[in-house]
Amino acid sequence: EDQVTQSPEALRLQEGESSSLNCSYTVSGLRGLFWYRQDPGKGPEFLFTLYSAGEEKEKERLKATLTKKESFLHITAPKPEDSATYLCAVHFGNEKLTFGTGTRLTIIP
Amino acid sequence: DAGITQSPRYKITETGRQVTLMCHQTWSHSYMFWYRQDLGHGLRLIYYSAAADITDKGEVPDGYVVSRSKTENFPLTLESATRSQTSVYFCASSGTGGTNEKLFFGSGTQLSVL
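Heads up: these notes are all about the structure in this document. Quick caveat, the model's predicted, so the values are computed rather than measured. (Residues numbered from 1 in each chain as written. Chains lettered and ligands numbered in written order. Predicted model: local features only at pLDDT ≥ 70, side-chain atom pairs only at ≥ 80, totals over all residues. Heavy atoms only, no water.)

## As for the state of the cysteines
Here's step 1: With the rule as written, the count across this model stands at 2 disulfides over all chains.
Here's step 2: Each disulfide pairs two cysteine sulfurs, and for Cys23 of chain A the partner residue is Cys88 of chain A, the sulfurs being separated by 1.9 Å. On the sign convention where negative means left-handed, the S-S torsion of about -55 degrees between Cys23 of chain A and Cys88 of chain A marks this disulfide as left-handed. Placement of Cys23 of chain A in strand β3 (residues 19-26) and of Cys88 of chain A in strand β9 (residues 84-93) is noted, with a sequence separation of 65 residues between them. Taken individually, Cys23 of chain A and Cys88 of chain A each receive the classification buried, so the pair is uniform in this respect.
Here's step 3: Here Cys23 of chain B pairs with Cys91 of chain B through a disulfide, and the sulfurs are 1.8 Å apart. Negative torsions about the S-S bond denote left-handed disulfides, and the value of about -75 degrees found for Cys23 of chain B with Cys91 of chain B makes this one left-handed. Of this pair, Cys23 of chain B sits in strand β3 (residues 19-25) while Cys91 of chain B is found in strand β9 (residues 87-94), placing the two residues 68 residues apart along the sequence. Side by side, Cys23 of chain B and Cys91 of chain B carry an identical accessibility label, which is buried. (Disulfide = S-S within 2.5 Å. Helix = DSSP H or I, 4+ residues; strand = E, 2+ residues; numbered from the N terminus. Buried < 20%, exposed > 50% of the residue type's maximum accessible area, 1.4 Å probe, protein only.)

Encoded structure:
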C-alpha cells in the first residue's frame, strides 16, 4: 500500500533556528510530490511541486528537496509567521493524492 | 472575487438527516475534489470530478453523493448522516492536469453530526 509519513509530528523552534521537516513515501512510480501549508481554520495553501529526484525548489525561507524515497522541507532562519502545519502529498497516479498527517511547526519569538 | 468558496462554514446536524455542502469556484477549473480531514488521518479523497457530468470515487466514498451539472459547482451530499462523518470537509480545484497540478482549497466546512 502506498504510504506517506511525515516527521516530526510537531516541532518547536526559536526564531532564527533553522531545521528540516521530512516526508518519506513508499511507492513505485511517483508522479509528483507536493508541499502545502495549512493555517488553523483554513484550507491548505500550495507551496511547491517536485517531480523528480534531485529537484529543488525555493521560496523565501523555504526550500524543498526530493530524493527517491523522501523529501525535505528546509526552513532557514524562520520567523513567527512561518508557524503552521506543513503537509506533504504524493501523487501515485489515477488522480489519487495521498497526504501525510503533517508537521505542526511553531516558531517562538 | 475569484476563488473557491464553500458553504456553510459550520454545520451541526443529527444522525439520519440529509446534508449538502456547497462548493463554488470561479476559475473554470476542470477538476474539482472533495476531501475530509480528520486527526490522525490527514486529508482523504471522497470524490472527484474531471469535468461537468463526470465524477468518480476516491478513497472514502461510502455514504456520500456528488453531482456536477455545471463546471463551477460541486456539491457534496451526505444522504443519511452518521457520527463517523463528523469532520472538516475541504473542496479543491485544479486545472486540466488534475491531481498532478497544484490544488486550490476552499476554507472548509466543519460538520458535526450529533
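## Description of the interface of chain A and chain B
Here's step 1: Listed per partner, the contact involves 20 residues of chain A and 20 residues of chain B.
Here's step 2: Taken together, both faces of the contact between chain A and chain B bury some 1,600 Å²; the carbon and sulfur share is 55%.
Here's step 3: Interface area lost by chain A to chain B is led by Pro44, Glu95 and Phe99 of chain A, which between them contribute 36%.
Here's step 4: Our count for the chain A to chain B interface comes out at 0 salt bridges.
Here's step 5: Linking chain A with chain B are 3 residue pairs in polar contact (both at pLDDT 80 or more).
Here's step 6: The element best represented in the side of chain A that touches chain B is strand β4 (residues 32-38) of chain A, accounting for 4 residues.
Here's step 7: Partitioning the side of chain A that touches chain B into residue classes produces 8 nonpolar, 8 polar and 4 charged. (Contact = heavy atoms within 4.5 Å. Buried area = accessible area lost by both parts, 1.4 Å probe. Salt bridge = Lys/Arg side-chain N within 4 Å of Asp/Glu carboxyl O. Polar contact = N/O pair within 3.5 Å; in protein donor to acceptor, adjacent residues only side chain to side chain. Nonpolar A, V, L, I, M, F, W, Y, C, P; charged D, E, K, R; others polar.)

## Regarding unusual backbone geometry
Here's step 1: Note the cis peptide between Ser7 of chain A and Pro8 of chain A, where omega equals -10 degrees.
Here's step 2: Residue Glu60 of chain A is not a glycine yet carries a positive backbone phi of 55 degrees.
Here's step 3: With respect to the helices and strands, Glu60 of chain A occurs in the loop between β6 (56-59) and β7 (62-66).
Here's step 4: In this model, Asp53 of chain B sits at a positive phi of 70 degrees, which is unusual for a non-glycine residue.
Here's step 5: With relative accessibility at 65%, the residue Asp53 of chain B sits in the exposed group.

## Let's talk about the packing of aromatic side chains
Describing an aromatic ring pair means giving the distance of the ring centres and the angle of the ring planes.
All names here are of chain B.
Here's step 1: This model, assessed by the stated rule, comprises 13 aromatic pairs over all chains.
Here's step 2: Considering the side-chain rings of Trp27 and Phe104, the 4.8 Å spacing of their centres and the 45 degrees angle between planes classify their relative orientation as tilted. Taken together, the residues Trp27 in the loop between β3 and β4 (31-38) and Phe104 in strand β10 (residues 104-105) connect sequence positions 77 residues apart.
Here's step 3: Seen in terms of ring centroids, Phe33 and Tyr48 are 6.2 Å apart; in terms of plane orientation they differ by 25 degrees. Their pairing is stacked. Taken together, the positions of Phe33 in strand β4 and Tyr48 in strand β5 (residues 42-51) put the pair 15 residues apart, joining distant regions of the chain. (Phe/Tyr/Trp six-rings, centres within 6.5 Å; stacked < 30°, edge-to-face > 60°.)

## Details of the sheet that holds β3 of chain B
Residue and element names in this part refer to chain B.
Here's step 1: The strand order β1-β3-β8-β7 describes an open sheet built from 4 strands, whose pairing is antiparallel. Among the strands making up the open sheet, the edge pair consists of β1 (4-7) and β7 (64-66). Pairwise comparison of adjacent strand axes, ignoring direction, gives a mean angle of 20 degrees for this sheet. (Pairing = 2+ DSSP bridges. Axes fitted to C-alpha atoms, helices over the stretch in contact; angles between N-to-C directions.)

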